[in-house]
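Structural description and commentary
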Amino acid sequence: MSQEPMRPPGAPGAVPPPREQPTEPGDEKPYPKPDQSAPGPRTATGREVETQPDARAQAGDRLTTAQGVPLRETDHSLRAGERGPTLLQDHHLREKVMHFDHERIPERVVHARGAAAHGVFRSYGRASSFCCAQFLQADQETPVFVRFSTVLGSRGSADTVRDTRGFAVKFYTQEGNFDLVGNNIPVFFIQDAIKFPDVIHAGKPHPDREIPQAQSAHDTFWDFVSLHTEAQHHTLWNMSDRGIPRSYRTMEGFGVHTFRLVAEDGSTCLAKFHWKPESGVHSLVWEEAQLAAGIDPDLHRRDLADAIESGALPRWTLGVQLFEDGDATFEGIDLLDPTKIVPEELAPVQPLGELVLTRNPSNYFAETEQVAFHAGHFVRGIDATDDPLLQGRLFSYLDTQITRLGGPNFAQIPVNRPHVPVDDMQRDGFHQQGVHQGVAPYRPNSLDGGCPFLAGESGFIDVPAPVPQSSKTRDTPASFSDHFSQPRMFWRSLSPVEQRHTVDAYAFELSKVYEPAIRERQLEQLARIDSQLCEAVAARLGLPVPSADLGADPGPVESSPALSQVGGRWPVAGRRVAVIVTEQSTGVDAVVSALFDEGVVAAVLSDHAGDVRCADDTVVTAERPLTSARSIEFDAIVVGAGDEQLSGPAAESARLMVAEAYRHAKALGFWGAGADRAAEGLGIVPNEAGVVLGPEPTDVMTEIIELLGGHRCWDRDVLAGTPVG
Ligand code: HDD
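Residues numbered from 1 in each chain as written. Predicted model: local features only at pLDDT ≥ 70, side-chain atom pairs only at ≥ 80, totals over all residues. Heavy atoms only, no water.

1. Some points on the coordination of the iron atom of the ligand
Test applied: Only nitrogen, oxygen and sulfur atoms qualify as donors, and only when within 2.8 Å of the metal (3.2 Å in the case of Na, K and Ca); with water excluded, sites may look incomplete. The secondary structure listing takes helices from DSSP runs of H or I that are at least 4 residues long and strands from runs of E that are at least 2 residues long, numbered from the N terminus.
Of all protein atoms, just one serves as a donor to the iron atom of the ligand, and that atom is Y397 (OH), at 1.9 Å. Positionally, Y397 belongs in helix α8 (residues 388-404).

2. As for the pattern of salt bridges
The condition is simple: Only one rule defines a salt bridge in this text: a Lys or Arg side-chain nitrogen within 4 Å of an Asp or Glu carboxyl oxygen. Exposure classes here rest on a 1.4 Å probe applied to the protein chains alone. A residue is buried below 20% of its type maximum, exposed above 50%, and partly exposed in between.
All told, the structure shown has 30 salt bridges when counted by the stated rule. One salt bridge connects E252 with R242, and the closest N-O pair in it is separated by 2.6 Å. Note that E252 is positioned in the loop between α4 (232-239) and β5 (253-254) and R242 in the loop between α4 and β5, a separation of 10 residues in sequence. Take E252: its relative accessible area is 5%, and that puts it in the buried class. Measuring nitrogen to oxygen at the nearest pair gives 2.6 Å for the salt bridge that ties K276 to E344. Within this pair, whereas K276 is found in strand β7 (residues 268-277), its partner E344 is found in the loop between β10 (333-334) and β11 (350-359), the two being separated by 68 residues in sequence. Judged by its relative accessible area of 22%, E344 falls in the partly exposed class.

3. Overview of the UniProt feature "domain: Catalase core" (unreviewed entry) in the protein
Put simply, the rule reads: UniProt positions are given in the numbering used here, feature names are shortened, and annotations may be inferred rather than shown by experiment.
When the UniProt feature table is mapped to this numbering, "domain: Catalase core" (unreviewed entry) covers residues 64-451. Secondary structure content for residues 64-451 is 21% helix and 20% strand, while the C-alpha to C-alpha distance between its ends is 40 Å.

4. Some remarks on the domain arrangement of the protein
Stated formally: Domain boundaries shown here were taken from an automatic or database domain assignment. Only heavy atoms matter for contacts: two residues are in contact if any of them lie within 4.5 Å across the pair. By buried area we mean how much accessible surface two parts lose on assembly, using a 1.4 Å probe and totalling the loss over both.
You can read the domains of the protein as domain 1 (60-103), domain 2 (114-412), domain 3 (486-563) and domain 4 (576-710). Between domain 2 and domain 3, the C-alpha centre-to-centre distance is 26 Å. The interface is formed by 30 residues belonging to domain 2 together with 30 residues belonging to domain 3. When the two sides are added together, the surface that domain 2 and domain 3 hide from each other amounts to roughly 2,600 Å², 62% of it contributed by carbon and sulfur.

5. Overview of the site of the ligand
In plain terms, the rule: To be near a molecule or strand, a residue needs just one of its heavy atoms within 4 Å of it. Any N or O atom pair separated by 3.5 Å or less is treated as a polar contact, with the protein-specific requirement of one donor-capable and one acceptor-capable atom, and with residues adjacent in sequence counted only for side-chain atom pairs.
Lining the immediate environment of the ligand, one finds 22 residues, of which R108, R147, R393, Y397 and Q401 sit closest. Contact distances for the ligand include 2.7 Å between an oxygen atom and a side-chain N or O atom of R108. Residue R147 places a side-chain N or O atom 2.7 Å away from an oxygen atom belonging to the ligand. Sorting the residues of the shell around the ligand by element identifies β3 (165-173), β4 (176-183) and α8 as the ones contributing at least two each. For the shell around the ligand, the element with the most residues is α8, which contributes 6 residues.

6. Topic: the sheet that holds strand β18 (residues 636-640)
As a general point, the strands of a sheet are linked pairwise by backbone hydrogen bonds and lie either parallel or antiparallel. Just so we agree on the cut-off: Strands are treated as partners if at least two bridges between them are detected by DSSP. Lines fitted to the C-alpha atoms define the axes, with helices restricted to the stretch that makes contact. Angles between their N-to-C directions range from 0 to 180 degrees.
Spatial ordering of the open sheet is given by β17-β14-β13-β18-β19-β20, a layout of 6 strands whose pairing is parallel. Every other strand in the sheet has two partners, leaving β17 (624-625) and β20 (691-694) as the edge strands with one partner each. Examined bridge by bridge, β18 and strand β19 (residues 667-671) share 5 bridges and lie parallel to one another. Each residue of the ladder has a partner; that of V638, found in β19, is G669. Each of β13 (576-580), β14 (601-606), β18 and β19 touches helix α13 (residues 588-597); the most contacted strand, β13, lies at about 180° to it.

7. As for the packing of aromatic side chains
Formally: For this analysis, a ring pair means two rings from Phe, Tyr or Trp (six-membered ring only for Trp) whose centres lie within 6.5 Å, classed as stacked if their planes differ by under 30 degrees, edge-to-face if by over 60, and tilted for the remaining angles.
Tallying each qualifying case throughout the model produces 24 aromatic pairs. Both rings, one in F135 and one in F171, keep their centres 4.7 Å apart while their planes meet at 45°; by these two values the pair is tilted. Taken together, the positions of F135 in the loop between β1 (114-123) and β2 (141-150) and F171 in strand β3 put the pair 36 residues apart, joining distant regions of the chain. The two residues F135 and F171 agree in class, both being buried. Geometrically, the ring pair formed by F148 and F167 is edge-to-face, given 5.0 Å between the ring centres and 85° between the ring planes. A residue pair is termed long-range when its members are at least 10 positions apart, and F148 in strand β2 and F167 in strand β3 qualify at 19 residues. Both residues of the pair, F148 and F167, count as buried.

8. Topic: the UniProt feature "binding site: heme" (unreviewed entry) in the protein
In the numbering used here, UniProt assigns the "binding site: heme" (unreviewed entry) feature to R108, R147, F196, R393, Y397 and R404. Tracing the backbone shows R108 in the loop between α1 (91-101) and β1. Take R393: it is sitting in helix α8. For R393, a relative accessible area of 15% corresponds to the buried category. Ignoring sequence-local partners within four residues, the contact set of R393 consists of V181, A193, H257, H374 and A375. Within the structure, R393 has its side chain in polar contact with the backbone oxygen of V181 (distance 2.8 Å).

9. As for helix α3 (residues 219-227)
For α3, the set of buried residues is D219, F221, W222, F224, V225 and S226. Buried-residue contacts for α3 involve α2 (196-203), α4, α10 (496-511) and α11 (516-529).

10. Section: a nonpolar patch on the surface
To keep things clear, this is the line we draw: Patch membership requires more than 30% relative accessible area and the absence of a salt bridge. Residues of like charge join within 9 Å; the nonpolar side chains Val, Leu, Ile, Met, Phe, Trp and Tyr join within 5 Å. For accessible areas, the Shrake-Rupley method is used with a probe of radius 1.4 Å. Any residue's cover is judged against the shown protein chains and nothing else.
Nonpolar side chains collect at one region of the surface, where V439, Y442 and L447 lie side by side and expose about 280 Å² of accessible area between them. Examined against the element boundaries, L447 turns out to sit in the loop between α8 and α9 (485-493).

11. Here's the deal with the packing of α4 against α10
For clarity, the cut-off: Every angle not falling under 35 degrees, over 145, or within 65 to 115 is termed oblique; those three ranges are roughly parallel, roughly antiparallel and roughly perpendicular. When residue character is reported, Ala, Val, Leu, Ile, Met, Phe, Trp, Tyr, Cys and Pro are called nonpolar, Asp, Glu, Lys and Arg charged, and the others, Gly included, polar.
Their axes nearest at 8 Å, the elements α4 and α10 cross at an angle of 105°. Taken together, the axis directions place α4 and α10 in an arrangement best described as roughly perpendicular. Here T235, L236 and M239 of α4 lie close against α10, whose contacting residues are H501, T502, A505, Y506 and E509. Residue composition of the contact of α4 with α10, by class: 4 nonpolar, 3 polar and 1 charged.

12. Description of unusual backbone geometry
The step from I211 to P212 runs through a cis peptide bond, and the omega angle for that step is -5°. With respect to the helices and strands, P212 occurs in the loop between α2 and α3. Residue C451 is joined to P452 through a cis peptide bond whose omega torsion reads -10°. Along the chain, P452 falls in the loop between α8 and α9. Even without being glycine, E331 reaches a positive phi, approximately 50°.

13. Considerations on the nonpolar core
Proteins that are soluble and globular tend to have nonpolar side chains buried together. Here is the rule: By nonpolar core we mean a set of buried residues, namely Ala, Val, Leu, Ile, Met, Phe, Trp, Tyr and Cys, connected to one another through side-chain atoms within 4.5 Å.
Counting residues in hydrophobic clusters, the biggest one holds 44 residues, and the most contacted among them are W222, Y506, L526, L533 and V537. Where this core is concerned, the elements lending two or more residues are α2, α3, α4, α9, α10, α11 and α12 (531-541). No other element matches the 6 residues that α12 contributes to this core. Residue contributions to this core reach at least three from each of two domains, namely domain 2 (114-412) and domain 3 (486-563). With residues up to four places along the chain from it excluded, the contact list for V537 reads V503, Y506, A507, L510, L523 and L526. With 39 residues, the next largest nonpolar core counts L261, W275, L318 and I382 among its residues.

Below is the structure:
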């Protein structure tokens, strides 16, 4: 038995006095060991960089090679004469092209397409009675890095595809890094991680032609979800408006699993994490999402970066639903089943703190691409439960980083480094950055003064949760077998317009499935969720409604109003409004100021970019010509009408822009003397819901801002398909 050296008083932190024991033999007392974290930030020339701690190159006054050798030439290779062959001797050419050849790393196997930002989490200090995690205590501010993503598409795919969105948050706490690796949908496709490769193979492009990209509208996806009925709940969320968020800023986030929280006194409870966006939950309409995929495939990435840069900082409240620790069930819901939610009406979400995104990454690759999340990056006070999906994730995330980031030292990459000293005994490996000191990377040891010592009471808490008395089995508990009552509850919680969108989505997706048997099988699953839903989709596909003897599972059918995302009012800061002006317009300044005062981004458009002298003799600067703008960029459109209307290509662009915004239930405003004529000239019928006309710009803008607060004008739902609900 090895003997444990005693921990010196005050370590780590204050330097303890040299110890006589147990460092014998040897006179040198290597305790305390030097900081073993990765070397501090340096430029390529070795200078400390203060403002951008991890900046490298492009900062010095001389171009160098990677070895720091100053260069006098980088544009011409070394040749035997001006028209002669290039010489192998050109070590700079060789190094430059070698590095370029290896610039790409494997993209993430899922969630490859993403965008991220730095921010801060401010705790409300309300968790101390049930969770001792340092970052949740009073007066704590914790730096965070947040990455949003789609799941299925490649790194270069479009942002606005119908898909689940990742919502991964790395908290750099004073007790080490905590990752909350969640999604914008609170349930998952599968109940057991062993099926993850299967569901992803089914969702990814077909292996023969590698199509379709970033889509679920194809045979293998629907084959899988119609055969694995546990996937029906998540799929229904994907078919709802949640599958096409307006922006990362307007998404909810969910930890999905149930986690275990530990209080300082050792008591435990179970918890589900929620992120609530302070600007409300908003979505695109499907036609808009499809247009955006071509017109601006970076819509969400751009929106996030622009909002942060403009000062409309995205904000979310972190909340928890709490449950007693015990048999992990609540009101008949198995808390270990990741295909189930607990309705907020049964267990309210208690706010714990606010997340604010404050800074865009300065280098996409270094930060957004190299950030490595792991569902098992827990901190003291937060622990795993036996959810079989979570258990499998605990293995997968570490494993994937070895391939993606080239070895086991990814925690030393700047964006992944904890903001506290790292004193581990990990050594060597590819891309090792640490210059570790000492001779005894094991413990206990006597040679390095016994360091590092164990943390004792302040260390991570492995909750001694009881292990079920059972035999080894691959069986699933009976409580995991109800796959339909919760999708039914979700469907019945949606407003009529949301239900219509969901029917449209099923009809679109299933009509892209070639195999009739798969369409029919999926319709059978819809029949088990809700007969109206099934009938509406069947009608669109021209298929008979499956017979009713499908044995719909009994279960609670109440609706959960918290699941619908329409009907409220939200802050408008950070929204975008197109302001169309001509030389006949008046009062443009008043319009732009009214928007600016609310934090709304106004984009002035005209028949040409640059200065436009308006009828009231003011000069406004148009950001772009109308011909290079499109409705999907904007949440509302306002037009400064005059005696003469637009003509030529600009008029055509304006007509298209206004027509699309009209179809997509966005607010439309026309101000000025000829407001009525301008609206009609652009094909809009005045007096419709969400269409505001008037001579005075400020009056029109007051109403437009009011409409923006409700996100869309669903009273004018011109795209409504088959009525349901
Ligand atoms: Fe996962 C990435 C979220 C189940 C295996 N996952 C990944 C990311 C998010 C999620 C947001 C991107 C992180 C980033 O931005 O870098 N994953 C989830 C959620 C799940 C889930 C909410 C269920 C509740 N995942 C899941 C399972 C497995 C994985 C069951 C494997 C058994 N996930 C991975 C991965 C990824 C990943 C392959 C790819 C890139 C990475 O980890 O770093 O390991």
